[in-house]
Amino acid sequence: MAKSFPAVFNPIASEIRLVHARLNRADEHVRMFQETWDEYLSTRPHKLQHTPESDGTLTVRLHRTSPLPVELSVTFGELLYELRAALDNCLYAIAVLVSGENPPPSAGRLEWPIRETPAEWKSQAGRYRNLPPVITEALEKVQPYQAQLPGWNSLAILHELARVDRHRSMHGLGLYLSQLRMKADLRYIEVLDQGRPGIIGDGDPIVSLHLAEGFILAPDNFDLRVEFDVDVTNVTESVGPSGQPGRPWGSLDKRLRTLVLVTRQYTTELLEIAADHVLGRTP
């Protein structure tokens with residue numbers, strides 16, 4: 001929506017500006033998050049260690065030389081807050097618009113609903129009894145339980161991330177092994193565990209090898225290249241649009257950009273539905 005709002009939005013112009021300001025701040029937090037991560041990586045904060053084991057095998061382990069900056073978790077939490085608040089502020093503005101009252105009826109109970117089951121939706125329906133059916137129907141259509149791929153549903157992802165951040169503590173963030181490329185001289189090197197994507201903590205194994213007697217690793221017989229990105233430590237894979245399992249929307253920075261994009265889309269569309277209702281364009 002443009003900064004110059006249609007006249008129908010005049011009664012809630014300040015509320016809409018607040019929604020836009022929160023979304024713009026969320027965009028800034030995404031950029032800050034990526035910049036902080038890039039700066040951290042530029043310090044080369046981890047290395048690979050070759051560790052001989054008691055059973056004669058050799059394990060390549062991650063060694064972190066410096067911890068993840070706490071600013072990542074702070075920025076992450078602030079981003080989640082702005083997105084959740086933008087949704088709630090939008091619904092409040094819509095309630096003002098359709099009721100003609102500020103505060104609107106049941107103002108203290110209004111929040112943008114994010115429900116994982118039809119039963120949860122029905123149990124909270126009373127919160128929205130003063131909203132026109134066209135608004136509640138639009139809200140119900142975007143609920144996570146309506147999604148074909150619940151694990152990739154952006155509202156469900158936002159709800160869970162924001163809930164944990166708000167009620168427990170800042171999210172645990174860690175290094176996620178996103179790519180691994182290995183070349184080994186198989187005449188002398190047996191690859192016992194070739195590694196897999198996932199969160200890797202300090203000291204965790206990446207690959208496991210068995211070397212021929214008297215053989216040592218050298219650049220001409222073994223090359224291991226790994227790439228890490230940052231993700232929440234409890235991230236899980238689920239089947240996505242391609243039919244293959246993966247992290248929802250890819251890396252965490254892509255997931256965050258998707259959350260901002262979807263929040264913009266949903267708030268814009270619901271405001272437009274409310275405007276059509278006020279102007280008599282909907283039943």
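Sequence order sets the numbering: in each chain, residues are counted from 1 along the sequence as written. At least 70 in pLDDT is required for a residue's local features to be given in this predicted model, at least 80 for side-chain atom pairs to be given and counted, and no such filter applies to totals for whole chains, interfaces and linings, which use all residues. Calculated side-chain values reflect all of the structure's heavy atoms, with hydrogen atoms and water omitted.

A.B. asks: Is there a simple way to think about the layout of surface pockets in this case?
C.D. replies: Using a probe with the size of a water molecule, rolled over the atoms, empty space left in the structure can be pinpointed. Its volume calculated, the second largest pocket comes out at about 290 Å³. What lines the second largest pocket is simply Leu41, Arg44, Pro45, His46, Lys47, Leu48, Val226, Glu227 and Phe228. What counts as a helix is a DSSP run of H or I of at least four residues, what counts as a strand is a run of E of at least two, and both are numbered from the N terminus. Listed by contribution, the elements that provide at least two residues to the lining of the second largest pocket are strand S1 (46-52) and strand S7 (222-232). Classification convention: Asp, Glu, Lys, Arg as charged; Ala, Val, Leu, Ile, Met, Phe, Trp, Tyr, Cys, Pro as nonpolar; all other residues, Gly among them, as polar. When the residues that make up the lining of the second largest pocket are grouped by side-chain class, the tally is five nonpolar, one polar and three charged. Put plainly, a pocket is an open set of points on a 1 Å grid over the protein atoms alone with protein on both sides within 12 Å along at least five of seven lines, a cavity is a set where a 1.4 Å probe fits but cannot get out, and a lining residue has an atom within 4 Å of a point. Grid points are joined across faces, edges and corners, and a volume is the space filled by probe spheres set on the points.

A.B. asks: How should a negative patch on the surface be read in this particular structure?
C.D. replies: Taken together, the side chains of Glu35, Asp38, Glu39 and Glu71 make up a negatively charged region of the molecular surface. With respect to the element layout, Glu39 can be found in helix H1 (residues 13-42). Using a relative accessible area of 57% as the deciding quantity, one classes Glu39 as exposed. Put simply, a patch holds well-exposed residues, over 30% relative accessible area, that have no salt bridge, with like charges counted together within 9 Å and Val, Leu, Ile, Met, Phe, Trp or Tyr side chains within 5 Å. Reported accessibility uses the Shrake-Rupley method at a 1.4 Å probe radius. Residues are deemed covered only where the shown protein chains occlude them. For this document, the term salt bridge refers to a Lys or Arg side-chain nitrogen within 4 Å of an Asp or Glu carboxyl oxygen. By the counting scheme adopted, Arg and Lys are positive, Glu and Asp are negative, and His together with the chain ends is not counted. For this purpose, a charge sits on NZ of Lys, CZ of Arg, CG of Asp or CD of Glu. Burial status follows relative accessibility: with a 1.4 Å probe on protein chains alone, a residue under 20% of its type maximum counts as buried, one over 50% as exposed, and anything between as partly exposed.

A.B. asks: Any chance you could explain helix H2 (residues 70-99) here in plain terms?
C.D. replies: Residues three or four positions apart in an α-helix share a direction because the helix packs 3.6 residues into each turn. The end-to-end C-alpha separation of H2 is 44 Å, in line with the 44 Å expected for 30 residues at 1.5 Å each. With 21 of its 30 residues buried, H2 lies for the most part within the structure. Given the number of residues in a helix, its expected span is that number minus one, multiplied by 1.5 Å.

A.B. asks: How should I be thinking about unusual backbone geometry in this particular structure?
C.D. replies: Peptide bonds are mostly trans, and most non-glycine residues show a negative phi. With an omega of 10°, the peptide bond between Asn102 and Pro103 qualifies as cis. With a phi angle near 60°, Trp249 is a residue other than glycine that sits in the positive phi range. Within the fold, Trp249 resides in the loop between strand S9 (245-246) and helix H6 (252-278). For Trp249, a relative accessible area of 32% puts it in the partly exposed group.

A.B. asks: Even after reading the chapter, I still don't get the packing of H2 against H6, so can you show me in this structure?
C.D. replies: The angle between the axes and the distance between the axes are what describe a pair of packed helices. Packing of H2 against H6 leaves a shortest axis separation of 9 Å and a crossing angle of 5°. Here H2 lies roughly parallel to H6, going by the angle between them. Of H6, the residues touching H2 (which contributes Phe76, Leu79, Leu83, Ala86, Leu87, Cys90, Leu91, Ile94, Leu97 and Val98) are Leu252, Leu256, Leu259, Val260, Thr263, Thr267, Leu270, Leu271, Ala274, Ala275, His277 and Val278. Split by residue class, the contact of H2 with H6 holds 19 nonpolar, three polar and no charged. Helix axes are fitted only over the stretch in contact, all axes being lines through C-alpha atoms; the angle between N-to-C directions runs from 0 to 180 degrees. An angle below 35 degrees is treated as roughly parallel, one above 145 as roughly antiparallel, one from 65 to 115 as roughly perpendicular, and anything else as oblique. We call two residues in contact whenever any of their non-hydrogen atoms come within 4.5 Å of each other.

A.B. asks: Would you mind showing me how to read the sheet that holds strand S5 (residues 198-200) here?
C.D. replies: By definition, the strands of a sheet pair up through backbone hydrogen bonds, in either a parallel or an antiparallel sense. The three strands lie next to each other as S5-S3-S7, forming an open sheet whose pairing is antiparallel. Looking at the sheet topology across the chains shown, the edges are occupied by S5 and S7. Adjacent strand axes in the sheet meet at a mean angle of 50° when their direction is disregarded. Bridge count between strand S3 (residues 173-184) and S7: eleven bridges; the pairing is antiparallel. The residue of S7 that forms the bridge with Ala184 is Phe222. Here, strands pair whenever DSSP counts at least two bridges between them.

Note that every value here comes from positions in space, so none of it alone points to a role or purpose.
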